[in-house]
Amino acid sequence: MTLRGFELKDAETILAHFNDLELRQFLGHPLPVSKQEEEEWIRRTWEARQKGTEYTFGIEENNKGLLVGSCSLFDVHSINRNAELGIAIWNKSLWDKGIGSEAIQLICSYGFYLINLHSIFLRVHDFNKRAIRVYEKLGFQHVARKREAVFIDGKYHDVHVMDILEDEFRKLHPPAPPFIAATGE
Amino acid sequence: MNSVNFTLQHLHSLRPRVSNVLEGKSVCLRGFELADASKILEHFNDIEIRRFMDMPAPHSQEQEEQWIRNTWDARKIGRCHYYAIEHKQSTQLIGGCGLFSIEKINRRGELMIILYNKEYWGQGFGTEALQLLLQFGFKHINLKTIYLYTHDTNKRAQRVYEKLGFKPGGRRRQASYFEGTYHDLLYYDLLASEFLD
C-alpha cells in the first residue's frame, strides 16, 4: 500500500463510506458529513502539514489503486516531540486483511524516522477489540484507561490510551528504506 | 466539602463584586479582568511556576490580556471556563483554574489549576478552589466526568487530587519534556456520581 496526500476529488470516496454507523462508532460521534465539509477537511490537512501540526494521509491499496482509508499523526507537539495516531479503514470489505496494521507501521515509521518524534500515543474505544489487538501486536502498550469517556449509541464507554516510545519502535520495526518511497513524498 | 459555602445567588446579585460567582471560606472564583494581566505577569515568568505548564516562557503583558479576552469568548461557546482565584481577605489574585477542552456530547472536561503567588502555597487554597470548580463543573454545567493530567514529579498536586476523590487512571509515558528530560504525565479522572455522593 501507499500513503499519499489527499486530493479534493477524494471527498467523494470518503463520502461513499463515511456516513456509516458501523464504521463511525469507532471514530467518535456519528454526525453526518457533507461532501463540501470533507473537501474543507482535505484542505485543512494540507495547511496543517505545512505548519507541522498534523500529518494526515490517504491509504491507497496498490493492486487496484483504491483509496481505502486514512491515517494521521496529529496534535504534533514540537517540544515534547509526540503526536497522536488516528487511523480508519473506511472500506468495510477490506477490514481484517492487515491493511490497517501495515498503514500504522508506515505512519509510525514516518513519525519516528522522518519527523523525529519521541513517542506516539493513541486512544481507542474499549469495545474496539480488533483495533486493540492490532495495536498490541505492533508494540503499543496499554498505559491508561479513561473511564466512561465517550458516549456512543446511548451508552458511555471507557477509552484506552496506548503509547509507544521511539526506542521500543526501533527494536520492533527498524528503519527499512522502502517506506520512504511508499509515502510518495 | 462542607466547609465550602457555595452560593449561586451571587450570579444574580448586585453586590459590588458581581463577578464573585463561586465563593468558599477563604477564596472565591471570578472571571478574569484585563487588569489581572499585570498581576499574572508578576509571577508568571518564574521557572518554578512554569515547570508544570506546557508553554514556553516568557510571556508578555499584551499576550496575557489576549488570553484573558480568549477566556471570555471560550466561556460563551461553552468550550472552556477559566476563573481567577482571589484570596478573599486580602483581595489578592493568587491563581487561576479552569475546565477546558469541554466535550459537549461526552460531557467531560479537563481541569487545570495554578497558584501564581508562591506566598499562598501550602495553605489549602488550591484545594478549596478546586472544590469550588468541581461543584461548578458537576452541578452547574452538568459535566459527567472531569479529568486532568499532572506531571509524575508533582507529588503535591497528586496528593491534592487524590484527596478530592480523583482516581488514578494511568499515564502517558515520557509525554512531557522539561529541564532536559522526558516525564510521564499521570491521568486522573472523577465521575459526577463519585463527587456528588
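Refer to the structure above for everything that follows.
First, a word on scope: everything that follows refers to the structure included in this document. It should be emphasised that the depicted structure is a prediction, and the values quoted were computed from it without experimental measurement.

1. Considering the interface of chain B and chain A
Here is step 1 of the chain: Taken together, the contact between chain B and chain A spans 26 residues of the former and 25 residues of the latter.
Here is step 2 of the chain: Taken over both partners, the interface formed by chain B and chain A buries close to 2300 Å², and the fraction arising from carbon and sulfur atoms is 43%.
Here is step 3 of the chain: Our enumeration of links across chain B and chain A arrives at five salt bridges.
Here is step 4 of the chain: B:Arg173 is the salt-bridge partner of A:Glu168, the closest N and O atoms lying 2.7 Å from each other.
Here is step 5 of the chain: Inspection of the region where chain B meets chain A yields 17 residue pairs in polar contact (both at pLDDT 80 or more).
Here is step 6 of the chain: Those elements that place two or more of their residues in the side of chain B that touches chain A are strand E6 (145-151), strand E7 (167-178) and strand E8 (181-191) of chain B.
Here is step 7 of the chain: Tallying contributions element by element places E7(B) first for the side of chain B that touches chain A, with 10 residues.

2. With respect to the environment of B:Asn117
Residues and elements named next belong to chain B.
Here is step 1 of the chain: Its place among the elements puts Asn117 in the loop between strand E5 (108-115) and helix H4 (125-140).
Here is step 2 of the chain: Once the C-alpha coordinates of Asn117 and Ile40 are considered, the two residues, 77 residues apart in sequence, prove to be 8.7 Å apart.
Here is step 3 of the chain: Those residues within four positions of Asn117 in sequence are excluded, and the remaining contacts are His43 and Ile94.

3. Some thoughts on the pattern of salt bridges
Here is step 1 of the chain: Inspection of the entire model under this criterion finds 20 salt bridges over all chains.
Here is step 2 of the chain: Among the salt bridges present, the one from B:Glu23 reaches B:Lys88, with a minimum N-O distance of 3.3 Å. Here B:Glu23, found in strand E1 (residues 22-23), pairs with B:Lys88, found in the loop between strand E3 (81-87) and strand E4 (93-103); they are 65 residues apart in sequence, far enough to count as distant.
Here is step 3 of the chain: Close ionic contact of B:Asp36 with B:Arg30 constitutes a salt bridge, the shortest N to O distance being 2.9 Å.
Here is step 4 of the chain: In this structure B:Arg30 comes out as buried when scored by relative accessible area, which is 8%.
Here is step 5 of the chain: Each of A:Arg4, A:Asp10 and A:Glu60 takes part in a single network of salt bridges with overlapping partners.

Rules used throughout
- Numbering of residues starts from 1 in each chain and follows the order in which that chain's sequence is written.
- Ligands are numbered from 1 and chains lettered from A, in the order in which they are written.
- Local features in this predicted model are restricted to residues of pLDDT 70 or higher, and side-chain atom pairs are both shown and tallied only at a pLDDT of 80 or more, whereas totals for entire chains, interfaces and linings draw on every residue.
- Side-chain metrics in this entry use all non-hydrogen atoms of the structure; hydrogen atoms and water are not considered.
- Residues are treated as being in contact if the distance between any of their heavy atoms lies within 4.5 Å.
- Two parts placed together each lose some accessible area; with a 1.4 Å probe, that loss summed over both constitutes the buried area.
- The rule for a salt bridge is simple: a side-chain nitrogen of Lys or Arg has to be within 4 Å of a carboxyl oxygen of Asp or Glu.
- N or O atoms within 3.5 Å of each other form a polar contact, as long as, within protein, one can give a hydrogen and the other can take it, and as long as residues adjacent in sequence are counted only when both atoms are side-chain atoms.
- Where helices and strands are cited, they refer to DSSP runs of H or I of at least four residues and of E of at least two residues respectively, numbered from the N terminus.
- For the exposure calls, accessible area comes from a 1.4 Å probe over protein chains only, and a residue counts as buried if that area is under 20% of its type's maximum, exposed if over 50%, partly exposed in between.

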